[in-house]
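Coordinate inspection notes
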Amino acid sequence: MTKSNPSPSAYIEALRKSGLSIYDGIEIGDPTLWIPSPELESILDSALRNLSLEGLKLRTRSKVVKEAVCRAIGYPVPKSFKKTQPRFPGQMFDTYAQKANNLQIWNEELSATRRYVLVRVSEKDVVTRVKVVTGDTLALLDTTGTLTQKYQARCIPGSQSTELITPRDTARLEAFVAPDVNLRKIASPVLHPEKGHILSIASVFKLLSRLVGERFVDAGVDQERNRGAALHRLVCAALGYATYEDDGQFPDVRHQLLEVKLQTSPTIDLGLVTPASTEPLDVPMINKQQIRHCDVRYAIFYASISNKEVALTHLFLSTGEGFFARFPQFEGRVLNSKLQIPLPKDFFS
């Protein structure tokens, strides 16, 4: 029963044969032509690494990177690149060549569903790494308060330590879930979701409820990502996976369409897209059905910290569709024509 995601080369070959240009639209989740973010990152990281940009002016460097991207994923290189937003409309992504850990986006807002291909360039002007993230993921990295529509919600624990807010999955997802799946035989929690391999929300709740009362070492006040990783590891084990894996993409446990959040204060950061959004999710369709953000399940763990330990005190589980029935929503601050997002030091590692 061990599975793997489609080979990246299959997408490249399909695009080559399609005759499409980078400007031709492709439905998000198209199982043949839409390249999901993990595969897109794998393709581009492999193809662009060690690409030399030495001696090139910024504009020329940008063009050379875009040309290399076209070749890597199977598109013909256009004679000139149109000033579209994004620059690769068919696959919904922009490219940014980065020497510094300070991403600058001029004259446009971050888009929640757009992908951002971040190309790390060394001091010697050689590509060393390529990362692919959504605008929503970038929004969660912003600490400057300059992003437009950064959504938040409020979590106030009640008397119950565990709450199943929505007892059933969304109508769209319900046809694909099962009450019992032996996930130990599945290779990885970051595989794409498939019919019959997705636990029902009630089953997820039963398994994750056992984590309330668990403790783990606090990585420190400025180590929220490491705290989240420790919780993510516990969640994967509780669900039954034999291994822990995190590729930094949304949702955290893609195979189960499960996003995991650790709260030590009432404010839940949601980024640029609300859980109730009906926008398509960047995963392959299931039985020709497009999965949406509102179909994702959200596991919110509330925790206290004392004696250098994080103690899980509450669990809330909800579909994105029913999220705001329990957690009141509000909007963060607005602005700027020039967004500067400081990337973590280990972002490209």
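Cut-offs applied
- Residues numbered from 1 in each chain as written.
- Predicted model: local features only at pLDDT ≥ 70, side-chain atom pairs only at ≥ 80, totals over all residues.
- Heavy atoms only, no water.
- Helix = DSSP H or I, 4+ residues; strand = E, 2+ residues; numbered from the N terminus.
- Buried < 20%, exposed > 50% of the residue type's maximum accessible area, 1.4 Å probe, protein only.
- Areas by Shrake-Rupley, 256 points an atom, 1.4 Å probe, with all protein chains shown as cover.
- Axes fitted to C-alpha atoms, helices over the stretch in contact; angles between N-to-C directions.
- Parallel < 35°, antiparallel > 145°, perpendicular 65-115°, else oblique.
- Left-handed = near helix turned anticlockwise from the far one by under 90°.
- Contact = heavy atoms within 4.5 Å.
- Nonpolar A, V, L, I, M, F, W, Y, C, P; charged D, E, K, R; others polar.
- Expected span 1.5 Å × (residues − 1).
- 1 Å grid on protein atoms, 1.4 Å probe; cavity = no way out; pocket = protein on both sides within 12 Å on 5 of 7 lines; lining within 4 Å.
- Points joined across faces, edges and corners; volume = space filled by probe spheres on them.
- Pairing = 2+ DSSP bridges.

Here we take up the overall build of the protein chain. Broken down by element type, the protein chain carries 7 helices and 15 strands. Counting over 349 residues, the protein chain shows a buried share of 53%. When the accessible surface of the protein chain is summed, it comes to about 16000 Å², and 48% of that surface belongs to carbon and sulfur atoms.

The next thing to look at is the environment of Ser159. Along the chain, Ser159 falls in the loop between strand E5 (151–154) and strand E6 (162–164). Through-space distance from the C-alpha of Ser159 to that of His314 is 9.5 Å; in sequence the pair is 155 residues apart.

All right, on to the packing of helix H2 (residues 37–48) against helix H3 (residues 58–73) then. The interhelical angle for the contact between H2 and H3, taken along N-to-C directions, is 120°, at an axis separation of 9 Å. When the axes of H2 and H3 are compared, the pair comes out oblique. In this structure, H2 meets H3 at a crossing whose hand is right-handed. In this structure, H2 contributes Leu40, Ile43, Leu44, Ala47 and Leu48 to the contact, and H3 contributes Val65, Ala68, Val69, Ala72 and Ile73. For the contact of H2 with H3, a count of residues per class yields 10 nonpolar, no polar and no charged.

Our next topic: the packing of helix H1 (residues 8–18) against H2. When two helices pack together, you describe them by how their axes are tilted relative to each other and by the distance separating the axes. Running from amino to carboxyl end, H1 crosses H2 at an angle of 85°, the nearest separation of the two axes being 9 Å. Taken together, the axes of H1 and H2 are roughly perpendicular relative to one another. Here Pro8, Tyr11 and Ile12 of H1 come into contact with H2, specifically with Glu39, Ser42 and Ile43. Here the contact of H1 with H2 is built from residues that sort into 4 nonpolar, 1 polar and 1 charged.

Side chains of residues three or four places apart in an α-helix project in the same direction, reflecting 3.6 residues per turn. The end-to-end C-alpha separation of H3 is 23 Å, in line with the 22 Å expected for 16 residues at 1.5 Å each. The set of residues buried in H3 consists of Arg61, Val65, Lys66, Glu67, Ala68, Val69, Cys70, Ala72 and Ile73. Contact partners of the buried residues in H3: H1, H2, strand E1 (93–98) and strand E3 (115–121). Looking one or two residues past H3, Gly74 carries a phi angle of roughly 100°, positive in sign.

Attention now moves to empty space enclosed by the protein. Following the criterion strictly, the structure yields 2 cavities of 30 Å³ or more and no others. What the largest cavity holds in volume is close to 150 Å³. For the lining of the largest cavity, a count of residues per class yields 7 nonpolar, 5 polar and 4 charged. Taken together, Asp136, Leu140, Phe250, Glu259, Lys261, Asp269, Leu270, Val273, Pro275 and Tyr298 make up the lining of the second largest cavity. Grouping the constituent residues of the lining of the second largest cavity by class yields 6 nonpolar, no polar and 4 charged.

Here the focus is the sheet that holds E1. Ordered in space as E1-E3-E4, the 3 strands form an open sheet in which the pairing is mixed. Whereas interior strands pair on both sides, the edge strands pair on one side only; in this sheet they are E1 and strand E4 (127–134). Each adjacent strand pair in this sheet contributes to an overall mean axis angle of 20°, direction not counted. Bridge count between E1 and E3: 6 bridges; the pairing is parallel. Paired with Tyr96 across the strands is Leu118, a residue of E3. In this fold H2 packs onto E1, E3 and E4, with an angle of close to 165° to the strand it touches most, E4. Strand contacts of H3: E1 and E3, with the helix running at about 130° to E1, the strand carrying the most contacts.

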